[in-house]
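Chain and residue survey
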Amino acid sequence: GDACTELAKVLISMQNTKKARQLLEHAIELAPSNYVAHLRLGALDRLDGKMDEAEKENAQFKKYKEMQDELQKMFHDMRIESGQKAHDAGGVSNP
């Protein structure tokens, strides 16, 4: 997933968009919520004039990016809450 996405970034910079597209599509198959792969695939679609596909990938990017942001916030809040409970109980928390 992430390795494919990063290699695709390099290939795009080298103008090898066909191979980059294959890697991004593979990354999405492996991890459909890989928002970076959706973002880069959408950019390739725009370059290729595939505006409908670009919009679909952009929508997927936004969806999965928002989901990840929300999960990170929830995890952060849980850690703070867990640390507060340990502090209230007289324990030591590990931030």
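These numbers come from a predicted model, not from an experiment.

Residue position: Asp45 is located in helix α3 (residues 35-47). Separated by 2.7 Å, the side chains of Asp45 and Arg21 make a polar contact. Among residues more than four places away in sequence, those in contact with Asp45 are Arg21, Lys50, Glu53, Ala54 and Glu57.

Below, the discussion takes up the packing of aromatic side chains. One pass over the structure, following the stated rule, counts 1 aromatic pair. Here the aromatic rings of Tyr35 and Phe61 are separated by 5.9 Å at their centres, their planes lie at 50°, and the arrangement is tilted. Residue Tyr35 is located in helix α3, and its partner Phe61 is located in helix α4 (residues 51-88); the two are separated by 26 residues in the primary sequence.

Among the nonpolar cores identified, the biggest contains 11 residues, and these are Cys4, Ala8, Leu11, Ala20, Leu23, Leu24, Ala27, Ile28, Ala37, Leu41 and Leu44. Taken together, the elements giving at least two residues each to this core come down to α1 (2-13), α2 (17-30) and α3. In terms of residue count, α2 provides more of this core than any other element does, 5 residues in total. Excluding residues that lie within four positions of it along the chain, Leu24 makes contacts with Thr5, Ala8, Ile12, Ala37, Arg40, Leu41 and Leu44.

All right, on to the packing of α1 against α2 then. Orientation of α1 relative to α2, taken along the N-to-C sense of each, is 165°, at an axis distance of 8 Å. Judged by the inter-axis angle, α1 sits roughly antiparallel to α2. Two packed elements cross with a definite hand, and for α1 against α2 that hand is left-handed. Counted together, Cys4, Thr5, Leu7, Ala8, Leu11 and Ile12 of α1 and Lys19, Ala20, Leu23, Leu24, His26 and Ala27 of α2 form the full contact between these two elements. Taken together, the residues of the contact of α1 with α2 sort by class into 9 nonpolar, 2 polar and 1 charged.

Thresholds, definitions, all that
- Residues numbered from 1 in each chain as written.
- Predicted model: local features only at pLDDT ≥ 70, side-chain atom pairs only at ≥ 80, totals over all residues.
- Heavy atoms only, no water.
- Helix = DSSP H or I, 4+ residues; strand = E, 2+ residues; numbered from the N terminus.
- Polar contact = N/O pair within 3.5 Å; in protein donor to acceptor, adjacent residues only side chain to side chain.
- Contact = heavy atoms within 4.5 Å.
- Phe/Tyr/Trp six-rings, centres within 6.5 Å; stacked < 30°, edge-to-face > 60°.
- Core = buried A, V, L, I, M, F, W, Y, C linked by side-chain atoms within 4.5 Å.
- Buried < 20%, exposed > 50% of the residue type's maximum accessible area, 1.4 Å probe, protein only.
- Axes fitted to C-alpha atoms, helices over the stretch in contact; angles between N-to-C directions.
- Parallel < 35°, antiparallel > 145°, perpendicular 65-115°, else oblique.
- Left-handed = near helix turned anticlockwise from the far one by under 90°.
- Nonpolar A, V, L, I, M, F, W, Y, C, P; charged D, E, K, R; others polar.

By themselves these figures say nothing about function.
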